[in-house]
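Residues per chain, in single letters:
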Amino acid sequence: MSAVVKLSNVHKSFGTNKVLDGVSFEVGRGEVAAVIGQSGSGKSTALRCINALETIDGGTIDVCGHAVHDAKLDRRSLRRDVGIVFQSYNLFPHLTAEQNIMLAPTCVKNKSKAEARDLAHDVLRRVGLAEKADHFPEQLSGGQQQRVAIARSLAMQPKLMLFDEVTSALDPQLTGEVLKVMEDLARGGMTMILVTHEMAFARKVASQVVYMHKGKVWETGPGAMLDKPNTAELADFVGSGL
Ligand SMILES: Nc1ncnc2c1ncn2[C@@H]1O[C@H](COP(=O)(O)OP(=O)(O)OP(=O)(O)O)[C@@H](O)[C@H]1O
Ligand SMILES: [Mg+2]
């Protein structure tokens, strides 16, 4: 099985702060990797490096055939293959859900308005918001806005989706709606890496859990490893105690 994403011995510092200290993991096609760990352990930084939002100091990152560590990386081409969704939705407030979604396909992929509109309706249906196409962000709940943000990424037809704590700003009910969309995506075969604090979700949906601690992959394995941690640090993190 060829990996969609492969990090090998990745190093990244901010000044004297060593944030990624030899991180290696890989994610195969259709797999879902859940990255967990304490605040400051380097989870967001790892995700941002995968999408070349940060440059790395050492090691290699290969993503959908792009050598992300290479100085000659074509960032635009990489980002056509990789969608990223953050905790803040960053929708344009003066554009409707549909218009927000149509923007990138028309501007970046040169799709016609009609094509982009069809695409917008298709992805809105996938996130359960077909009837909200004409709503502005302020007319939507936080969970609905986040689902529009996910739909906007899907409209670029990415090969890989990255999610960084996309439910952290939402109350439990809205969180459930967004997690359901992500679970559907996973079932549909989307390759995904998600940083999450939702342990139950990680256990249920992830093919691989990556526990980061002090800038290293401290422990990795299937969701069941959360029930039987090998290290005291992970046991502490999941609150089971050793
Ligand atoms: N652009 C930056 N400049 C300087 N330091 C940074 C930058 N981005 C992250 N850091 C530092 O890198 C470390 C890891 O940050 P990161 O955001 O990757 O952690 P995290 O695991 O995502 O934490 P959280 O769970 O709080 O989101 C922190 O010490 C942070 O202060
Ligand atoms: Mg983070």
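Note: the structure precedes this text.
Residues numbered from 1 in each chain as written. Chains lettered and ligands numbered in written order. Predicted model: local features only at pLDDT ≥ 70, side-chain atom pairs only at ≥ 80, totals over all residues. Heavy atoms only, no water.

(A) Focus on the nonpolar core. Grouped together as the largest cluster of nonpolar side chains are 48 residues, with contacts concentrated most on Ile150, Phe163, Met182 and Met192. The contacts of Ile150, once residues within four sequence positions are left out, are Val85, Val127, Met161, Phe163, Val178, Val181, Met182 and Leu185. One finds Val19, Val23, Val82 and Val195 within the second-largest nonpolar core, a separate group that totals 30 residues. (Core = buried A, V, L, I, M, F, W, Y, C linked by side-chain atoms within 4.5 Å. Buried < 20%, exposed > 50% of the residue type's maximum accessible area, 1.4 Å probe, protein only. Contact = heavy atoms within 4.5 Å.)

(B) Highlighting the site of ligand 1. Near ligand 1, the surroundings consist of Phe14, Asn17, Val19, Gln38, Ser39, Gly40, Ser41, Gly42, Lys43, Ser44, Thr45 and Glu165. In this structure, an oxygen atom belonging to ligand 1 sits 3.2 Å away from a main-chain N or O atom of Ser41. Within the contact set of ligand 1, an oxygen atom lies 2.7 Å away from a side-chain nitrogen or oxygen of Lys43. Burial of ligand 1 by the protein amounts to 59% of the accessible area it has alone, namely 640 Å². Contributing elements (two or more residues each) for the shell around ligand 1: strand 2 (17-28) and helix 1 (43-50). Ranked by the residues each element gives to the shell around ligand 1, the list is headed by helix 1, at three residues. For the shell around ligand 1, the residue count by class is two nonpolar, eight polar and two charged. (Near = heavy atom within 4 Å. Polar contact = N/O pair within 3.5 Å; in protein donor to acceptor, adjacent residues only side chain to side chain. Areas by Shrake-Rupley, 256 points an atom, 1.4 Å probe, with all protein chains shown as cover. Helix = DSSP H or I, 4+ residues; strand = E, 2+ residues; numbered from the N terminus. Nonpolar A, V, L, I, M, F, W, Y, C, P; charged D, E, K, R; others polar.)

(C) Seen up close, the environment of Leu53. Within the element layout of this structure, Leu53 appears in the loop between helix 1 and strand 4 (58-63). Those residues in contact with Leu53 that sit more than four places away from it in its chain are Arg48, Arg79, Ile84 and Phe86.

(D) Representation of the side chain of Ser153. In this fold, Ser153 is placed in helix 5 (residues 142-154). Residue classification places Ser153 among the buried positions, given a relative accessible area of 11%. Residues contacting Ser153, with those up to four places away along its chain left out, are Gly83, Ile84, Val85, Pro158 and Met161.

(E) Highlighting the pattern of salt bridges. According to the stated counting rule, one finds 13 salt bridges in the structure shown. Of the charged contacts, one joins Glu54 and Arg48 as a salt bridge, the two residues approaching to 3.2 Å between their closest N and O atoms. Close ionic contact of Arg187 with Asp184 constitutes a salt bridge, the shortest N to O distance being 3.8 Å. You can see Arg187 and its partner Asp184 sitting in helix 6 (residues 172-187), three residues apart, about one turn around the helix. Overlapping salt bridges, with partners in common, bring together Lys180, Glu183, Asp184, Arg187 and Lys204 in one network. (Salt bridge = Lys/Arg side-chain N within 4 Å of Asp/Glu carboxyl O.)

All quantities given are derived from atomic positions and should not be read as evidence of function.
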